[in-house]
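Residue-level listing of the chains:
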Amino acid sequence: MLSSKKILIGVTGGIAAYKTCEIIRELKRNHADVRVVITEAGTKFVTPLTLATLSENPVLTDMFDKAASNTTIHIEFARWADVILICPATANTIARIANGFADNLLTTLALATTSPVILCPAMNKEMYQNPMYQRNAERLKQAGHIFVESEVGELACGEYGWGRLADAPHIINAVKRALLGTKELAGKKMLITAGRTEEPLDPVRFITNYSSGKMGFAVAEAAALRGAEVTLISGPNDLTPFDGINYIEIQTSDQMAAAVERVLPDQDIVVMAAAVADFKPVAYSAQKLKKKKFAASIELERTKDILKKSFVIKILTSSF
Ligand SMILES: Cc1cc2nc3c(=O)[nH]c(=O)nc-3n(C[C@H](O)[C@H](O)[C@H](O)COP(=O)(O)O)c2cc1C
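Quick caveat: nothing in here was measured; it's all calculated off a predicted structure. (Residues numbered from 1 in each chain as written. Predicted model: local features only at pLDDT ≥ 70, side-chain atom pairs only at ≥ 80, totals over all residues. Heavy atoms only, no water.)

A. Main features of the sheet that holds strand β6 (residues 146–147). Within the open sheet, the six strands sit side by side as β3-β2-β1-β4-β5-β6. Their pairing is parallel. Because the sheet does not close on itself, it has two edges, and the strands there are β3 (59–60) and β6. Strand direction decides the pairing type here: strand β5 (residues 117–121) and β6, joined by two bridges, are parallel. Bridge pairing links Ile118 to Ile146 in β6. Relative to the sheet, helix α4 (residues 91–98) contacts β4 (83–89), β5 and β6, its axis offset from that of β4 by approximately 140°. (Pairing = 2+ DSSP bridges. Helix = DSSP H or I, 4+ residues; strand = E, 2+ residues; numbered from the N terminus. Contact = heavy atoms within 4.5 Å. Axes fitted to C-alpha atoms, helices over the stretch in contact; angles between N-to-C directions.)

In structure tokens form, the structure reads like this:
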């Protein structure tokens with residue numbers, strides 16, 4: 001999906017630098033072309049060898065390294081990159097970029113590029129709440145830099161609070177949005193259903209199918225990237241919905257039908273990709289059924305047909 005996209009990753013001296021290795025792997029899995037620039041402090045946390053191996057490209061720290069290039073590396077790299085992802089971004093690097101410093105390869109690149117710059121701050125909670133940091137971050141946002149905001153959670157210093165690096169899927173989503181986002185479906189409301197439903201017999205048993213939800217989630221991501229306002233209704237799954245999607249998780253076919261009915265009237269486009277169960281048990285036991293209470297067969301009834309005529313008419317007359 002990111003084939004032939006050129007992503008320059010800046011790694012700075014934060015404890016979360018090890019997480020960047022996983023992000024590089026994910027970008028490579030998406031067929032992106034990745035180069036890494038690391039600050040001096042960054043090299044104390046993760047080795048250039050690891051980053052070079054994962055990115056399959058040499059890793060640069062020194063702007064004056066003539067062995068790496070005979071040209072002006074900072075200009076060459078700034079022009080090469082479709083996007084610059086600084087992950088993790090220390091308070092120090094954020095302060096330097098916010099104030100126009102160009103005192104190492106990474107800050108110089110950030111100043112020289114005309115491509116989007118995405119910053120993923122990670123730091124201790126006092127640093128994060130410090131008005132100096134907040135002012136610098138605000139200044140960069142005003143200048144159009146994209147922030148993948150830190151999250152609340154356990155921090156490397158053993159405390160709990162704001163400052164934890166955002167989870168990898170949010171960072172990858174921001175890269176995709178910066179590189180692939182369009183306005184093709186801007187102003188359109190789009191409903192997508194995905195995944196399986198589970199039809200319970202009792203609190204521990206249910207009837208289901210093998211649907212993973214991957215297709216519906218992929219359609220939802222593609223729609224969100226084109227600027228649609230997406231509602232995704234899905235049964236149980238192991239997936240992470242794309243950022244910015246209105247996500248509704250349901251379990252049963254009745255819940256799916258109710259959720260679809262609720263949001264349908266507003267929609268311009270509907271994609272039904274869910275594998276809704278065709279049948280459900282006639283009876284539900286609020287208590288776990290004893291083995292001996294099971295009959296030789298389970299009586300089933302048809303589930304609601306979510307695609308039935310009123311819905312189909314809505315789809316056919318959609319303004320899209
Ligand atoms: C063990 C350790 C962990 C650190 N973790 C962070 C961090 O998570 N975020 C941060 O902003 N600074 C952190 N620092 C401080 C930075 O390494 C320091 O500000 C450094 O100058 C950053 O340089 P750079 O921005 O050029 O990479 C840490 C320092 C140490 C010693």
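B. Structural context of the confidence of the model for the protein. Counting all residues, the mean pLDDT for the protein is 92, and 94% of those residues have values of 70 or more. Note on residues 316–320: pLDDT is under 50 here. Beyond four places in sequence and across chains, it has eight contacts. (pLDDT = per-residue confidence, 0-100.)

C. Expanded view of the environment of Val34. Checked against the element boundaries, Val34 lands in strand β2 (residues 33–38). Under the relative-accessibility criterion, Val34 is labelled buried at 0%. Sequence-wise, Val34 and Tyr128 are 94 residues apart; in three dimensions their C-alpha atoms are separated by 29 Å. Those residues in contact with Val34 that sit more than four places away from it in its chain are Ile7, Ile9, Ile24, Leu27, Lys28, Ser55, Asn57 and Trp80. (Buried < 20%, exposed > 50% of the residue type's maximum accessible area, 1.4 Å probe, protein only.)

D. Local environment of a positive patch on the surface. Together, Lys288, Lys290, Lys291, Lys292 and Lys293 give the surface a local cluster of positive charge. Inspection of the secondary structure puts Lys292 in the loop between β15 (279–281) and β16 (300–302). (Patch = residues over 30% accessible without salt bridge, like charges linked within 9 Å, V, L, I, M, F, W, Y side chains within 5 Å. Areas by Shrake-Rupley, 256 points an atom, 1.4 Å probe, with all protein chains shown as cover. Salt bridge = Lys/Arg side-chain N within 4 Å of Asp/Glu carboxyl O. Lys, Arg positive; Asp, Glu negative; His and termini not counted. Charge placed at Lys NZ, Arg CZ, Asp CG, Glu CD.)

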